[in-house]
Amino acid sequence: MRYVAIGDSFTEGVGDVLPDGRERGWADLVAQGWADAAGRPISYANLAIRGKLAWPIVEQQLEPALALRPTHLSFNGGGNDMLRPRSDLEHIADAFSRVLRRCDDEGVTLILLSGANPSGQLPMGNVVRRRGDLLSEAVLRRVEDRPDVVRALNWPDSELARPPYWSEDRLHMNAAGHHRVAARVLHALGYEPPAAWWSPSAAAMAGPAGLAYYREFVGPWVRRRLTRTSSGDGRAAKYPEWVERMPSA
């Protein structure tokens, strides 16, 4: 099996920080969990970069990912687009159609993910939820006649939307959230994930509230929008080439 992931911060693993400061995330967990469940090595690459909009993900990551000749490719995008009020949700969903078409061309199995729903703890959360609902519906219409597409749908998961699965910025999942998403992907692939991956093992740490939250997280996001910069500017993919994941002993 050769598995490559493309996407934004959700797939890069932002929020799941290891003790040494590296960010892991659900795709890393899937690669190792897949190797463990299948009892054989998995080749894994991850081209995701935080801050990317859906179409730039497709334009910048899809062809390099397919050039690796994977057997499976996972794609999620649109989370950053949704936060921009003038985004065309149908146009965003068309990016998923492009990915599916190219996977068909190359004989690659598509693993389709929807992101988790952060709206319960975000400013203007009702707007984010409505746009996320509409985007999810638009994407699912484009694959409704394709039972061969592996679906790992996280947006409808009301448990995953709860605060214990989210990091201090309220926009990215913490380790518990990434484990739950990884469990869903493995289950969609036909494997039984470790039972502990479905639920947090400890209460999430409380983050800043009130004005402190706006200063630390909302203000920098607004500044990036005003300056047309991205949190992913200058960043490289963490695994642009194959790395081998061996079954755990």
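Everything discussed here concerns the structure shown above.
Draft legend 1. View of the nonpolar core. Ile-6, Leu-47, Leu-73, Phe-75, Val-99 and Leu-110 are the most contacted members of the largest nonpolar core, which totals 36 residues. Where this core is concerned, the elements lending two or more residues are strand S1 (2–6), helix H3 (54–67), strand S3 (72–75), helix H5 (89–106), strand S4 (109–114) and helix H6 (125–143). Top element by residues in this core is H5. It accounts for 8 residues. Not counting chain neighbours up to four residues away, the residues in contact with Ile-6 comprise Thr-11, Leu-47, Ala-48, Ile-57, Gln-61, Leu-62, Ala-65, Leu-73, Ser-74, Phe-75 and Asn-76. If you look at the next biggest cluster of nonpolar residues, it comprises 31 residues, including Val-30, Tyr-44, Ile-111 and Val-150.

Draft legend 2. Highlighting the pattern of salt bridges. Applying the stated criterion across every chain, the model contains 17 salt bridges. Among the salt bridges present, the one from Glu-12 reaches Arg-235, with a minimum N-O distance of 3.5 Å. Of this pair, Glu-12 sits in helix H1 (residues 9–12) while Arg-235 sits in the loop between helix H8 (210–226) and strand S6 (239–245), placing them 223 residues apart in sequence. Between Asp-104 and Arg-146 there is a salt bridge, and its shortest N-O distance comes to 2.8 Å. Of this pair, Asp-104 sits in helix H5 while Arg-146 sits in the loop between H6 and strand S5 (150–153), placing them 42 residues apart in sequence. Using a relative accessible area of 38% as the deciding quantity, one classes Asp-104 as partly exposed. Its relative accessible area of 18% is what places Arg-146 among the buried residues. Residues joined by salt bridges that share partners form a network here, namely Glu-12, Glu-23, Arg-50 and Arg-235.

Draft legend 3. Broad picture of the environment of Lys-52. Position of Lys-52 relative to the elements: it lies in the loop between strand S2 (42–46) and H3. Given a relative accessible area of 18%, Lys-52 falls into the buried group. Expressed as a C-alpha distance, the spacing of Lys-52 and Ala-176, which sit 124 residues apart in the sequence, is 23 Å. Excluding its chain neighbours within four sequence positions, the residues that come into contact with Lys-52 are Asp-8, Ile-57, Gln-60, Gln-61 and Asn-80. Of the polar contacts made by the side chain of Lys-52, one reaches the side chain of Gln-60; its length is 2.9 Å.

Draft legend 4. Structural view of unusual backbone geometry. Residues other than glycine seldom take positive phi values, yet Arg-69 does so here, at roughly 60°. Summarising the element assignment, Arg-69 is placed in the loop between H3 and S3.

Draft legend 5. Structural detail: the side chain of Asn-174. Inspection of the secondary structure assignment puts Asn-174 in the loop between S5 and helix H7 (175–188). Judged by relative accessible area, Asn-174 falls into the buried class, the value being 13%.

Definitions and cut-offs
- Residues numbered from 1 in each chain as written.
- Predicted model: local features only at pLDDT ≥ 70, side-chain atom pairs only at ≥ 80, totals over all residues.
- Heavy atoms only, no water.
- Core = buried A, V, L, I, M, F, W, Y, C linked by side-chain atoms within 4.5 Å.
- Buried < 20%, exposed > 50% of the residue type's maximum accessible area, 1.4 Å probe, protein only.
- Helix = DSSP H or I, 4+ residues; strand = E, 2+ residues; numbered from the N terminus.
- Contact = heavy atoms within 4.5 Å.
- Salt bridge = Lys/Arg side-chain N within 4 Å of Asp/Glu carboxyl O.
- Polar contact = N/O pair within 3.5 Å; in protein donor to acceptor, adjacent residues only side chain to side chain.

Any functional reading would require information that these geometric values do not contain.
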